[in-house]
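A look at the structure
Residues per chain, in single letters:
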Amino acid sequence: MPIGGAEDKGATCRILDTFVEICGKTSAHIVIIPSASSIPIDVAHFYQNIFYRLGVAEVSIIHVSDRQQANLETGLQPLQNATGVFITGGDQLRLISLIGGTRLGEILYQRSLNGMPIAGTSAGASIMSRHMIAFGRSGPQPSQRMVQMASGLGLTHSLIIDQHFSQRNRLGRLLTAVALNPGLIGVGIDENTALIIRPDDTLEVIGSGTVTVADSQGLTYNGIYAAKRHDTFQVQGIDIRVLREDDTLLSLKAV
C-alpha cells in the first residue's frame, strides 16, 4: 500500500484507518520502521499514537541506524507476529542504504510475499519498487539525467513508484524512469492518496488525489539513448491513465 505522502492524520485518517482494517483492526500488530526519517524516534512515536487511537492492539517500532542492526535477529523479533508493517517518509536512498540486502530487507520481502500488508508513505512508498526512484528533478517533460535509479526492496517487480506526484510536478521524472526501464509501469501517487495493490494484482485508489499510471509495455520508440546532458527526448507508445478513488479497479494484467 504505497501512499503519496502528507496523508490525513487528523480526525478521519481515511488512508491510515484503511491500512489498520487490512491488518486486522483491534487484533492487529503493526510494526513501524522510521529509519528513512532524520528524526526517526519522534516520527515513530507520532505514528504509534495514531495507530493506537485507531484501535490497533499492539504497535512496535524497529529503527535501525546502521546495517549491523538491520542484520541482528534479536532486534527484528517484532516482525515474527506482526500483521502489518508501516514504513515512514524521509529519504528513500538513506533507507535502502540501511536495509537493502540485509536480514530486515529479506524478512520484509518474504513476509510481503506471504501476504502480510506493508504500507509506506513518501520515501516508504518509493522503496517498495524493485527499480526505485532515488531522487530527481521536477518538470513536465522527460529529459536525460532527470532521475537517479537505485535498487529498492522489490515488494513489487512490475511498478516504479513515485510520490508527492502532482504537488511536485514529477511527470517528467516518472516518464524518464520508465524510459530507463522499458516494459515496467510507472505510478505517480498524489499526496493524501494511496494505491492498494491486492494479492490478485488489482489496483485500487483511495484518498483525495489521483494516481497517474504510465505503462511502457507498449513502447514503440524510446529516444533516451540519443539525449545528451539534460536534453529532453522523445518517447512513443506510453499509455498514460489518471485514476481516482471512484474509478473501477484496474488489473495489472490488463494494463
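Here, the structure is the one placed above.
Reference entry: report on the structure contained in this document.

Looking now at the environment of Leu 93. With respect to the helices, strands and loops of the structure, Leu 93 is situated in helix H4 (residues 92-99). What Leu 93 contacts, discounting residues up to four positions off in sequence, is Met 132, Ala 134, Phe 135 and Ala 150.

Relative to the helices and strands, Ala 226 resides in the loop between strand S13 (221-222) and strand S14 (235-236). Relative accessible area serves as the criterion here: at 43%, Ala 226 is assigned to the partly exposed category. Taking the C-alpha atoms as reference, Ala 226 lies 42 Å from Asn 114; in sequence the two are 112 residues apart.

Applying the stated criterion to the full structure yields six aromatic pairs. Ring centres 4.7 Å apart and planes at 45° place the aromatic pair Tyr 47 and Phe 86 in the tilted group. In this pair, Tyr 47 sits in helix H2 (residues 40-53) while Phe 86 sits in strand S4 (residues 84-87), placing the two residues 39 residues apart along the sequence. Grouping residues by exposure puts Tyr 47 and Phe 86 together as buried. Measuring from ring centre to ring centre gives 5.4 Å for Phe 51 and Phe 86, while their planes differ by 75°; the resulting arrangement is edge-to-face. Of the two residues, Phe 51 sits in helix H2 while Phe 86 sits in strand S4, which places them 35 residues apart along the sequence. Neither Phe 51 nor Phe 86 differs from the other in exposure class; each is buried. Ring-pair connections join several aromatic residues into one group, and the members of that group are Phe 19, Phe 46, Tyr 47, Phe 51 and Phe 86.

Further remarks concern the nonpolar core. Counting 40 residues, the largest nonpolar core has Val 85, Ile 99, Leu 104 and Leu 108 as its most contacted members. With four residues, the single largest contributor to this core is H4. Beyond its immediate stretch of four places on either side in the chain, Ile 99 contacts Val 64, Arg 67, Ala 70, Leu 104, Gly 105, Leu 108, Ile 127 and Leu 153. One finds Met 1, Ile 15, Ile 50 and Val 59 within the second-largest nonpolar core, a separate group that totals 24 residues.

Rules used throughout
Residues numbered from 1 in each chain as written. Predicted model: local features only at pLDDT ≥ 70, side-chain atom pairs only at ≥ 80, totals over all residues. Heavy atoms only, no water. Helix = DSSP H or I, 4+ residues; strand = E, 2+ residues; numbered from the N terminus. Contact = heavy atoms within 4.5 Å. Buried < 20%, exposed > 50% of the residue type's maximum accessible area, 1.4 Å probe, protein only. Phe/Tyr/Trp six-rings, centres within 6.5 Å; stacked < 30°, edge-to-face > 60°. Core = buried A, V, L, I, M, F, W, Y, C linked by side-chain atoms within 4.5 Å.

These values are about where atoms sit, not about what they do.
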